[in-house]
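Here's the letter readout for the chains.
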Amino acid sequence: MQYDLVVIGAGPGGYTAAIRASQLGMKVAIVERDLIGGICVNWGCTPSKAMISSAKYVRAARQAANYGINVGEIKVDFAAVAARRDKVITDSREEIRGLLAHWNVDMFQGYGSILGQHTVLVEGQNLDTKNILIATGSQPLIPGFLQKEDPCIVNSNKLITIKELPAQLTIVGGGIIGLEFATIFANLGTKVRVIEMAERILSNLDPEITAAISKELTDSGIEILTSHKVVDIGNCLLTLQSPDGEIQELESNLNLIAIGRKAVFDSEQLKAVGIDFTDKGVSVNDFMQTSLNNVYAVGDSTGKSILAHVAIQQGMVAAEHMAGQPREMSYDVIPAVVYTLPEVSLVGQFPAESEFVQVVKFPFSANLRANIEGHNGGFVKLWIDKAEGTLLGAQLVGEYAGEIIQTYANIVATKTPIAEMAGIIHAHPTYNEIVRNSLQHALGKAIEYVE
């Protein structure tokens, strides 16, 4: 069968490329060896956010007395939480299946092998194609010394599918994945401990931001051990090395390894057809082409990013390039969100404060909506180019930080002067007024805040 494009992998990058290519008049097939939706829908974004939604309601119930509501004893029905999570996954998967069908994308179930520059083999059938797109995703990274069967050790894919609430959970890794799971299970009633080898969690963020979220997580009952190295895990015991070299053992009935993810691709297959790759992923240019011009790669498999929204953008760039509408993929402005309670978000660049760069801090407590709703403990930090009067970057910790960050991202991307953005009317009272008021503060014109 002849196609214009065969996509291998039906995750966010793959199905986006397939649909966009079809919209542009191409005949498209998509091959998936497991479940439509990939990591994001089945083991990542969707199930974790479904469980965070449940965690939010538990948190709200616990705080209800602050708002004049007495809810009595709070009981978590984890079986119902898991059932809702699984339904959200199924619904999302079927929605994607429906979209692919609507855009006349042929779907093939099975392992897709690249036999040559224009041929993909799936379940004994050759698919002839002008273009191929690799979107094979990633998998959890597990240290070599933990490569053993142990019921006490799980990765994120496994943890997101459990049906019973663990009494204890130790998370190895204080990054985005680890902290989101810590938030989920601590709010649902599990005793949670986070172990991080670096000096602080979320070590790529501003120290003030990480200090603030560390306090919030600790206040919610999560124990955080930084500068500690896991030496071994076995029989539900973790062997740790403290900063001073002391060895200690900690017991936990479930241990999540959350130290990152690695790209999934068949290196022997790529070698055979002449596609370049590194240990990090399939090598691509800014049009998402591999070393073979008609073979593209997007998403986690490239090693560029594990964010679903990056994969989606890469998929559109690839499809449009195939169709003769080239635009380059840019990684300059990518908003990111940590779905803790409260949320953390960031976008842009964060150079050191200097005669060229202004760094400004603005509290949520200066926002009326945050005060009304009792979510006024957060703040935003801005990095501003003094000469140009433009926003370089922003980091937030606070309620709805993941929603607010997009406005800052738009300002960074468009290079709109902050004086211009500060003059735009915002609805009152809203959390998004934080954007306008923080910019006004940077300009020395804040109305409702005195430092």
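Residues numbered from 1 in each chain as written. Predicted model: local features only at pLDDT ≥ 70, side-chain atom pairs only at ≥ 80, totals over all residues. Heavy atoms only, no water.

Caption draft 1: Just the pairing of strand β11 (residues 223–226), in detail. Sheet topology places strand β10 (residues 191–196) next to β11; four bridges connect them, and they run parallel. Paired with Ile-195 across the strands is Leu-225, a residue of β11. Taking the sense of rotation as the criterion, the β-α-β connection linking β10, helix α7 (residues 207–219) and β11 turns out right-handed. (Pairing = 2+ DSSP bridges. Helix = DSSP H or I, 4+ residues; strand = E, 2+ residues; numbered from the N terminus. Right-handed = clockwise from strand over helix to strand, strands pointing away.)

Caption draft 2: Summary view of the sheet that holds strand β21 (residues 379–385). The strand order across the open sheet formed by five strands is β18-β19-β22-β21-β20, and the pairing between neighbours is antiparallel. Strands with a single pairing partner mark the edges of an open sheet, and in this sheet they are β18 (336–338) and β20 (357–363). Strand after strand, the sheet turns through a mean of 15° between neighbouring axes, direction not considered. Note that β20 and β21 share seven bridges and pair antiparallel. By the bridge assignment, Lys-361 is partnered in β21 with Lys-381. Where helix α13 (residues 433–442) meets the sheet, its contacts fall on β20 and β21, and the angle it forms with β20 comes to roughly 130°. (Axes fitted to C-alpha atoms, helices over the stretch in contact; angles between N-to-C directions. Contact = heavy atoms within 4.5 Å.)

Caption draft 3: Expanded view of the packing of aromatic side chains. A complete count under the given rule lists seven aromatic pairs for this structure. Between Phe-78 and Phe-185 the ring centres are 6.3 Å apart and the planes differ by 35°, which places this aromatic pair in the tilted class. You can see Phe-78 sitting in helix α4 (residues 78–102) and its partner Phe-185 sitting in helix α6 (residues 176–188), a full 107 residues away along the chain. Against the face of Phe-379 rests Lys-361, its NZ or CZ located 4.4 Å from the ring centre. (Phe/Tyr/Trp six-rings, centres within 6.5 Å; stacked < 30°, edge-to-face > 60°. Lys NZ or Arg CZ within 6 Å of the ring centre and 35° of its normal.)

Caption draft 4: Representation of the pairing of strand β19 (residues 343–348) in the model. Among the six residues of β19, five are classified as buried, and the element is accordingly described as predominantly covered. The sheet contact formed by β18 and β19 spans three bridges and is antiparallel. Across the sheet, the residue bridging to Ala-336 is Leu-346, located in β19. As defined by bridge partners, β19 adjoins strand β22 (residues 390–398) across six bridges and the pair is classed as antiparallel. Residue Glu-343 lies in a different strand from β22, and its bridge partner there is Gly-398. (Buried < 20%, exposed > 50% of the residue type's maximum accessible area, 1.4 Å probe, protein only.)

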